[in-house]
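Coordinates in review
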Amino acid sequence: MKKFTFTLLSLFAYSQTVFGGDAVLESIRAKEQDLNQFGISGFYRKANVEKWSAPLIRSNWATMRVADLEERNRQNASNEFGKKVLDALPGFLNNMPDSISGKLDKAKEIIKFSEWIATQNGYGNALIARRAIDLALPILGGIMVDKSTSVEIMSTIDDLLKVKWARDAFVADVLNQEIEQNLFDRNQNQEYLQGLWKEGARRYLVNKNPDLSKSLPSNVLVNPQFASFDIKSNVLPFFCDEPLPSIPTSSKLISGKHHEQIVFILLPPNLQKLKDLLTFRICLGGFPDEGIKNDFYPGLKGAFDETWRRYYISGKAPKGLSLKLGLAAWSTYEAVIQNRITPEDETLLKKQ
């Protein structure tokens, strides 16, 4: 059985007296000072040089379940530090270079940071890593639509968009870390993990209101795959999230209990949009102009659709791609050109 360790929270616990207090809390305070002094980029560079482990940032829900008061205080401090890291992330975008190579390096830095923070399987780690990826996407979109961008850079972007930490095993590890049990099988796929989450939520509701099981047919309420699955009663509250905030930004989510966001929406929506745009450019070698006519749509929209249709019908398109990918690529292309590809938090705040 996998052991659940709190790397940052226990690393120096044995030597508390050396620091004249709680070594874990002192370590967190020192890192907060570095973050305040050097900003997120400087903080991350120092973390690389000194080979720091990423802090484990659990949810407030999980931390409140810790019986030992001193350990709970350490975890609370780590959680608060995680919120400060999250708030500092837009600082990565300061002093943005003008060159394509400089912008690419900036996007790489942000994505490498997301990989580092996701080396710990915490609820907050997942949200911070997702937010970091989201901040890098507009940079990559701008590089994609630049006609001078080379094939080699496109290949690099293709690799960057394959987010290395965003795996089903990571989701399972985060959920198991929160409940300190190996309930979620890290060898299963997304559909399985989502099904188990739904079953846990169903059992929680039925446990709170037994009459609910009588109001709907059993085949609606119960997933046969999990009918005999053992979920301990003390874990059932884990499957009850708080109502989503009216504006569910990352800072709101990290301060509450919203584990369903990890289960169902691990990556930002803009990621798939840029993947479609990148696929279009890599397959066709560039973007069309309005000289290519289409029977269905006018202008550039029609040109994207027609170009992709011809390519698709020729049988050259990789398996699994849609005939409508040209329209998806056009929509993203237009959004990038008009600076409408923005991170999700900024998009939500604009709607206030």
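Keep in mind the model is a prediction, meaning the values are calculated, not measured.

With respect to the environment of Ala329
- Within the secondary structure, Ala329 is located in helix H16 (residues 325-337).
- Along the sequence, Ala329 and Leu278 sit 51 residues apart, while their C-alpha atoms lie 8.1 Å from each other.
- Other than its neighbours up to four places away in sequence, Ala329 contacts Asp276, Leu277, Phe280 and Phe304.

Some remarks on unusual backbone geometry
- Positive phi, normally seen in glycine, also occurs at Asn95, with a value near 55°.
- Tracing the sequence through the fold places Asn95 in the loop between helix H4 (69-88) and helix H5 (100-117).
- A relative accessible area of 74% means that Asn95 is categorised as exposed.
- Despite not being glycine, Glu180 shows a phi value in the positive range, around 55°.
- Counting through the fold element by element, Glu180 comes out in the loop between helix H8 (168-179) and helix H9 (190-208).

Description of the packing of aromatic side chains
- Going through the model one piece at a time under the given rule, you end up with 24 aromatic pairs.
- Note on Phe280 and Phe304: the rings are 4.8 Å apart at their centroids and 25° apart in plane angle, and the pair reads as stacked. Of the two residues, Phe280 sits in helix H14 (residues 270-284) while Phe304 sits in helix H15 (residues 299-313), which places them 24 residues apart along the sequence. Both residues of the pair, Phe280 and Phe304, belong to the buried class.
- Each member of the aromatic cluster is reached from another via a ring pair, and the members are Phe43, Tyr44, Trp52, Phe81, Phe92, Phe113 and Trp116.
- A cation over an aromatic ring shows up here: Lys31 above the ring of Trp52, its NZ or CZ 4.6 Å from the ring centre.
- The ring of Trp61 has Lys257 sitting right over it, with the charged end atom 5.6 Å from the ring centre.

Here is what the cut-offs are and how they apply
Residues numbered from 1 in each chain as written. Predicted model: local features only at pLDDT ≥ 70, side-chain atom pairs only at ≥ 80, totals over all residues. Heavy atoms only, no water. Helix = DSSP H or I, 4+ residues; strand = E, 2+ residues; numbered from the N terminus. Contact = heavy atoms within 4.5 Å. Buried < 20%, exposed > 50% of the residue type's maximum accessible area, 1.4 Å probe, protein only. Phe/Tyr/Trp six-rings, centres within 6.5 Å; stacked < 30°, edge-to-face > 60°. Lys NZ or Arg CZ within 6 Å of the ring centre and 35° of its normal.

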